[in-house]
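Read off the chains here:
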Amino acid sequence: MTKRFLAAAAFVLLSSTVSATDIGATFETACPFGDCAAGISLSYLGEFVIPTGHMENGVEFGGISGLDFDAATGHYLAISDDRSERGPARFYELDVDVDASGLKGVSVVKQVTLKDKNGAPFAARTVDPESIRLGKDGIYWGSEGDGKALLAPFVRVASPDGSFVREFKLPEGFAPTADKSTGIRDNLAFEDLAVAPSGDVFVGVEAALYQDGPNPSLTSGSLSRIVRYDGATGEPKAEYVYPVSPIPQAATKADGGNDNGMSEMLALDDHRLLAVERSYAQGFGNSIKIMMMDLTDATDVSAIASLAKNDQRVVPARKSQVLDLRAIGLVPDNIEAVSLGKAKVGTDVLILGSDNNFSTSQKTQFYAFKILRRPQQ
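Residues numbered from 1 in each chain as written. Predicted model: local features only at pLDDT ≥ 70, side-chain atom pairs only at ≥ 80, totals over all residues. Heavy atoms only, no water.

**Quick word on the pairing of strand 13 (residues 190-195)**
Within strand 13, 5 of the 6 residues are buried, which leaves the element mostly enclosed by the surrounding structure. Judged from the 5 bridges that link them, strand 13 and strand 14 (residues 201-205) form a sheet pairing that is antiparallel. Along strand 14, the bridge assignment pairs Leu193 with Val203. With antiparallel pairing between neighbouring strands as the criterion, strand 13 and strand 14 make up a hairpin whose turn holds 5 residues, including Gly199 at a positive phi of roughly 100°. (Buried < 20%, exposed > 50% of the residue type's maximum accessible area, 1.4 Å probe, protein only. Helix = DSSP H or I, 4+ residues; strand = E, 2+ residues; numbered from the N terminus. Pairing = 2+ DSSP bridges.)

Pasting the structure below:
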């Protein structure tokens, strides 16, 4: 253990070794969508688990739903989706100890309370933080809103101390409605946030808006919208369709439920992104697939009020699977966070994190992969 893990501000958290995948195992997708310039290759670096119930500054740690690397500190920002119920809405600064030999540990360096527009912590159930990224003028973060309470989703910019700076404009058709004719579905809204090198910001919904069609099923997918923002102004520039796959696994528990949705996005460049498709089936568990999408030539659907009642030609984002965590021998939990970052030795890494839902039957789980190859412009 290095001395930073002995600091009073951080706690060492023990990992569990449950993976069937060997450290150094390599997984390559040479030509996603038939485009060999988009090739990606990853090498597995291990898993680290923080058990549910860990306390940090008197507040339960968990609900990790977004993650991003801060090159200035070498640490990661991680947002909790606690709706100001167990503690104030917050994000963490994490130290991720990963090098060529594997993922060794994750520790909390700092905890920061998010503030509402009035400068005070959010009241209980007035916010649902789900995503976080570092932007050019602050910390960009998203709230999923609450479809049942008709609470609109949002993307805001915060200062390093969590104070409100500004808010992005919500496009038409996203606000929840009482009759469920249009707008977000409850718990299926702003789950995804990515910042491109150009400064453009991508925000995605987990599954289709009411007016755009149904949720995924075992036989059909769902049409999620991705909003492309001008990061400097917070004004929408375009909207694209991301086709969420059908649910990959039926529930094995009698009368059990299942679902699938896009739980996070990560920009690789100005038009290619990784998307996490996160599925759950009762009695089986989670299936996690990492997709690459390419927005080149995708139709701007911002002027199309309803994808379900549309007679115009729409080209969705191209997508190609690059990693299936179960297929490579892992047993993933509820993965909702993904970040590019740097290992201690300076190599590029991909870090995944899970939302434990503050459930004793789940865990906060981190996976690390060394990036051997990434898409070229």
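Now that the structure is up, let's keep going.
**Quick look at unusual backbone geometry**
Look at Phe33: it is not a glycine, yet its phi comes out positive at around 55°. Its place among the elements puts Phe33 in the loop between strand 1 (26-29) and strand 2 (40-51). Located in the positive-phi region is Lys180, a residue other than glycine, with phi close to 60°. Relative to the elements of secondary structure, Lys180 occurs in the loop between strand 12 (164-167) and strand 13.

**Re the sheet that holds strand 20 (residues 318-324)**
In space, the 4 strands of this open sheet follow the order 17-18-19-20, with antiparallel pairing throughout. Strands at the two margins of the open sheet, each flanked by one partner only, are strand 17 (258-267) and strand 20. Direction aside, neighbouring strands of the sheet carry axes that sit 30° apart on average. Across 10 bridges, strand 18 (residues 272-281) lies against strand 19 (residues 285-294) in antiparallel orientation. Bridge assignment links Leu274 to a residue of strand 19, and that residue is Met292. (Axes fitted to C-alpha atoms, helices over the stretch in contact; angles between N-to-C directions.)

**Quick notes on the environment of Gly58**
Mapped onto the elements, Gly58 comes out in the loop between strand 3 (55-56) and strand 4 (59-60). A relative accessible area of 63% means that Gly58 is categorised as exposed. Along the primary structure Gly58 and Gly87 are separated by 29 residues, whereas in three dimensions their C-alpha atoms are 8.7 Å apart.

**Let's talk about the sheet that holds strand 13**
Here 4 strands make up an open sheet; going across it, the order is 13-14-15-16 and the pairing antiparallel. At either margin of the open sheet sits one strand with a lone partner, and together these are strand 13 and strand 16 (235-244). Averaged over all pairs of adjacent strands, the angle between strand axes in this sheet comes to 20°, irrespective of strand direction.

**Considerations on the pairing of strand 14**
With respect to burial, strand 14 is a largely interior element, 5 of its 5 residues being buried. Covered by surrounding structure in strand 14 are Val201, Val203 and Val205 together with Phe202 and Gly204, the residues of both alternating faces. As paired strands, strand 14 and strand 15 (residues 222-230) are joined by 4 bridges and run antiparallel to one another. Across the sheet, Phe202 pairs through a bridge with Arg228, a residue of strand 15.

**Some words on the pattern of salt bridges**
Inspection of every chain in the model, using the stated rule, returns 27 salt bridges. Of the charged contacts in the structure, one is a salt bridge between Asp212 and Arg225, with a shortest N-O distance of 2.6 Å. Within this pair, whereas Asp212 is found in the loop between strand 14 and strand 15, its partner Arg225 is found in strand 15, the two being separated by 13 residues in sequence. Asp212 sits in the buried class, given a relative accessible area of 2%. For Arg225, a relative accessible area of 3% gives the class buried. Among the salt bridges present, the one from Arg225 reaches Glu239, with a minimum N-O distance of 2.8 Å. Linking Arg225 in strand 15 with Glu239 in strand 16, this pair joins segments that are 14 residues apart in sequence. A relative accessible area of 4% places Glu239 in the buried class. (Salt bridge = Lys/Arg side-chain N within 4 Å of Asp/Glu carboxyl O.)

**Describing the packing of aromatic side chains**
Taken as a whole and assessed by the stated rule, the structure comprises 9 aromatic pairs. Here the aromatic residues Tyr44, Tyr367 and Phe369 are joined through ring pairs into a cluster of three or more. (Phe/Tyr/Trp six-rings, centres within 6.5 Å; stacked < 30°, edge-to-face > 60°.)

**Quick look at the state of the cysteines**
According to the stated counting rule, one finds 1 disulfide in the structure shown. Between the sulfur atoms of Cys31 and its disulfide mate Cys36 the distance is 1.9 Å. Taking the sign of the S-S torsion, 90° for the link of Cys31 and Cys36, the bridge is right-handed. The class for Cys31 is partly exposed, based on a relative accessible area of 32%. For Cys36, a relative accessible area of 42% corresponds to the partly exposed category. (Disulfide = S-S within 2.5 Å.)

**What about the nonpolar core?**
Membership of the largest hydrophobic core comes to 24 residues, with the highest contact counts inside it found for Leu274, Leu323, Leu325, Leu350, Leu352 and Phe369. At the level of secondary structure, the elements contributing two or more residues to this core comprise strand 2, strand 18, strand 19, strand 20, strand 21 (335-342), strand 22 (348-354) and strand 23 (363-373). Excluding anything up to four places from it in sequence, Leu350 contacts Leu42, Leu266, Leu274, Val338, Ser339, Leu340, Tyr367, Ala368, Phe369 and Ile371. By size, the runner-up hydrophobic cluster in this structure holds 22 residues, among which are Leu45, Phe48, Ile64 and Phe366. (Core = buried A, V, L, I, M, F, W, Y, C linked by side-chain atoms within 4.5 Å. Contact = heavy atoms within 4.5 Å.)

**Comments concerning the side chain of Asn260**
Residue position: Asn260 is located in strand 17. Looking at Asn260, its side chain comes within polar contact range of the main-chain oxygen of Ser245, at 3.0 Å. There is a polar contact of 3.3 Å between the side chain of Asn260 and the side chain of Glu277. In contact with Asn260, other than residues within four places in its own chain, are Pro216, Val244, Ser245, Pro246, Ile247, Pro248, Glu277, Arg278 and Ser279. (Polar contact = N/O pair within 3.5 Å; in protein donor to acceptor, adjacent residues only side chain to side chain.)

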